[in-house]
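Report on the structure
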Amino acid sequence: MKKLIKLNWLLVALLATVSLGCDKDDPDPVNEEELITKVELTFTSTGPINETIVASWEDTDGDGGSDPVIDDIVLTESNTYDLTLAFFNGAVNITPEIKAEARDHQLFFEISSSLTLLVEYNDTETDYTIDGQDYPFGLKNNASAGNASTGTLTVILVHEPAKFQTGVAEGDQTNAGGEEDVRVTFNVTIQ
């Protein structure tokens, strides 16, 4: 009889645990960060020199394997460009997926002090409106090449940045928080 009572209590405890684990109020699953194996930048001239420059960073085997393949960027002095970005997981373009989650992403650009390049957001659209306020995303930008110089351009895609914080909408990552989905650095020459 004692064995039967112990078995019943064990069964009751097991059922209680299972029923608690199936609570309909469980939070939604966390949206995992994107796997990004390639970042592509396209500089399309808006004048005065007509040119298109495409550069990519690609790391097909992920962290810890072979070094990524990174194209150098060569821009024309005193030229202006539309700068667009695309993201890939292998051969799959995941830019639309990232764009669909624009509320939860923002691109930031770090430019070394030696490089005379200015990058400004140009994609504040209704797709990126939060509580009636437009916030930049960074897939479309204006880029202005200054005098001849060399340096680096670092592109950072941040997941769940604090877009309301001071400076974040202007492209300053200092107060953004969040998690970096990808950080890639390109060597740039303006000639």
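Before going into details, it helps to say that this report is about the structure given with it. Model, not experiment: these values are computed from the prediction. (Residues numbered from 1 in each chain as written. Predicted model: local features only at pLDDT ≥ 70, side-chain atom pairs only at ≥ 80, totals over all residues. Heavy atoms only, no water.)

1. Observations concerning the packing of aromatic side chains
Here the structure, examined in full by the defined rule, presents three aromatic pairs. Taking the centre distance of 6.4 Å and the plane angle of 55 degrees together, the rings of Phe 109 and Tyr 121 count as tilted. Highlighted residues: Phe 109 in strand S7 (residues 105–111) and Tyr 121 in strand S8 (residues 117–121), separated in sequence by twelve residues. Judged by relative accessible area, which is 15%, Phe 109 ranks as buried. When its relative accessible area of 19% is taken as the criterion, Tyr 121 is described as buried. Both rings, one in Tyr 135 and one in Phe 164, keep their centres 5.3 Å apart while their planes meet at 75 degrees; by these two values the pair is edge-to-face. Taken together, the residues Tyr 135 in the loop between strand S10 (133–134) and strand S11 (140–145) and Phe 164 in the loop between strand S12 (149–159) and strand S13 (179–190) connect sequence positions 29 residues apart. Since its relative accessible area comes to 9%, Tyr 135 is described here as buried. In this arrangement the basic side chain of Lys 38 is found over the ring face of Phe 88, its NZ or CZ atom lying 5.2 Å from the centre. (Phe/Tyr/Trp six-rings, centres within 6.5 Å; stacked < 30°, edge-to-face > 60°. Helix = DSSP H or I, 4+ residues; strand = E, 2+ residues; numbered from the N terminus. Buried < 20%, exposed > 50% of the residue type's maximum accessible area, 1.4 Å probe, protein only. Lys NZ or Arg CZ within 6 Å of the ring centre and 35° of its normal.)

2. A few points about the pattern of salt bridges
If you walk through the whole model with that rule in mind, you get three salt bridges. A salt bridge links Glu 40 to Lys 38, with the shortest nitrogen-to-oxygen separation between them at 3.7 Å. Classification of Lys 38 by relative accessible area gives buried; the value is 18%. Here Arg 183 ties to Glu 180 by a salt bridge, and the two come within 2.9 Å at their closest N and O atoms. Given a relative accessible area of 39%, Arg 183 falls into the partly exposed group. Glu 180 sits in the partly exposed class, given a relative accessible area of 35%. (Salt bridge = Lys/Arg side-chain N within 4 Å of Asp/Glu carboxyl O.)

3. Considerations on unusual backbone geometry
A cis amide bond links Gly 47 with the next residue in sequence, Pro 48, at an omega value of -5 degrees. Inspection of the secondary structure puts Pro 48 in the loop between strand S1 (38–47) and strand S2 (52–58). Look at Ser 78: it is not a glycine, yet its phi comes out positive at around 60 degrees. Note that Ser 78 resides in the loop between strand S4 (73–75) and strand S5 (80–89). For Ser 78, a relative accessible area of 48% gives the class partly exposed. The residue Glu 160 is not glycine, and still its phi comes out positive at about 55 degrees.

4. Quick notes on the pairing of S11
Residue alternation in S11 divides its side chains into a buried set, Asn 141, Ala 143 and Ala 145, and an unburied set, Lys 140, Asn 142 and Ser 144. Pairing of S5 with S11 involves five bridges; the strand directions are antiparallel. By the bridge assignment for S11, Tyr 81 is matched with Ala 143. (Pairing = 2+ DSSP bridges.)

5. Quick look at the side chain of His 105
In this structure, His 105 sits in strand S7. Polar side-chain contacts of His 105 include one of 2.9 Å to the backbone oxygen of Glu 101. (Polar contact = N/O pair within 3.5 Å; in protein donor to acceptor, adjacent residues only side chain to side chain.)

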